[in-house]
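The residues making up each chain are set out below.
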Amino acid sequence: MREDLLRRQTAPFRWDRVSVLEYKQDGSAPFLNVTRQVLFDEVELGCQLRYFEVAPGGHTTLERHEHVHAVVVVRGAGRCLLGTTVREVGPQDLVTVPARTWHQFRAGGPEPLGFLCMVNRERDRPELPGAEDLCALTTVPAVAAFLDAAED
Ligand code: MN
């Protein structure tokens, strides 16, 4: 029997034998004040369940990719960009990020924005927006306002 079948919560949104990692390690993508914890990485399931936490004022990378995200917000509140739509999100909201869809999460309010995110273990690398992509995105006023607010 594996010894890690039960890993207890040690503090709010922290768990035994789960490392709190930098959101992205290669330094190639813009983001601000985000941590990543891999809660489950099961070969048989073919997916990972991660917990991300975005500190107040922080945001994830604006990106898109072929793989899909299934997101459950579990802490705090904020906004997310999905394609050309900006939505408010809060606890227990479920967010699907479809393939090839620009997305970014931004914390709002005094508490961190925490969310679970399920992905395929094998997945393509995220694509970052080029100048033309940003130009197209910012033709939508709500998206332009969202991206302005999320600037580092
Ligand atoms: Mn993504």
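Provided above is the structure to which this section pertains.
All values reported here derive from a predicted model rather than from experimental measurement.

Asks: Explain the coordination of the manganese ion to me, please; I cannot follow it from the model alone.
Replies: Octahedral six-donor coordination of a metal ideally yields angles of 90 or 180 degrees, compared with 109.5 degrees for tetrahedral four-donor coordination. Only Glu 63 (OE), His 65 (NE2), His 69 (NE2) and His 103 (NE2) from the protein reach the manganese ion as donors, at distances of 1.9 to 2.3 Å. Along the chain, the residues donating to the manganese ion fall in the pattern E-x1-H-x3-H-x33-H. For the pair Glu 63 and His 69, one class covers both residues: buried.

Asks: Is there a simple way to think about helix H2 (residues 141-149) in this case?
Replies: An α-helix turns once per 3.6 residues; consequently, residues spaced three or four apart project the same way. Every buried residue of H2 is accounted for by Val 143, Ala 144, Phe 146 and Leu 147. Seen end-on, H2 carries its buried residues on one side only, within an arc spanning 165 degrees. Opposite the buried face of H2, at more than 90 degrees from it, the exposed residues are Pro 141 and Asp 148. Buried positions along H2 lie against strand S7 (77-82), strand S8 (85-89), strand S10 (103-108) and helix H1 (131-137).

Asks: When you look at the pairing of strand S11 (residues 113-120) in this model, what are you seeing that I'm missing?
Replies: The two faces of a sheet get side chains in turn, since along a regular strand they alternate between them. Direction of pairing for strand S5 (residues 47-59) relative to S11: antiparallel, over a ladder of eight bridges. Looking at the pairing, Phe 52 lines up with Phe 115 of S11. Bridge analysis of strand S6 (residues 69-75) against S11 gives five bridges, and the strand direction is antiparallel. When the sheet's bridge partners are listed, Ala 70 is paired in S11 with Met 118.

Parameters at a glance
Residues numbered from 1 in each chain as written. Predicted model: local features only at pLDDT ≥ 70, side-chain atom pairs only at ≥ 80, totals over all residues. Heavy atoms only, no water. Donors = N, O, S within 2.8 Å, 3.2 Å for Na, K, Ca; no water. Buried < 20%, exposed > 50% of the residue type's maximum accessible area, 1.4 Å probe, protein only. Helix = DSSP H or I, 4+ residues; strand = E, 2+ residues; numbered from the N terminus. Arc of directions from axis to C-beta. Contact = heavy atoms within 4.5 Å. Pairing = 2+ DSSP bridges.

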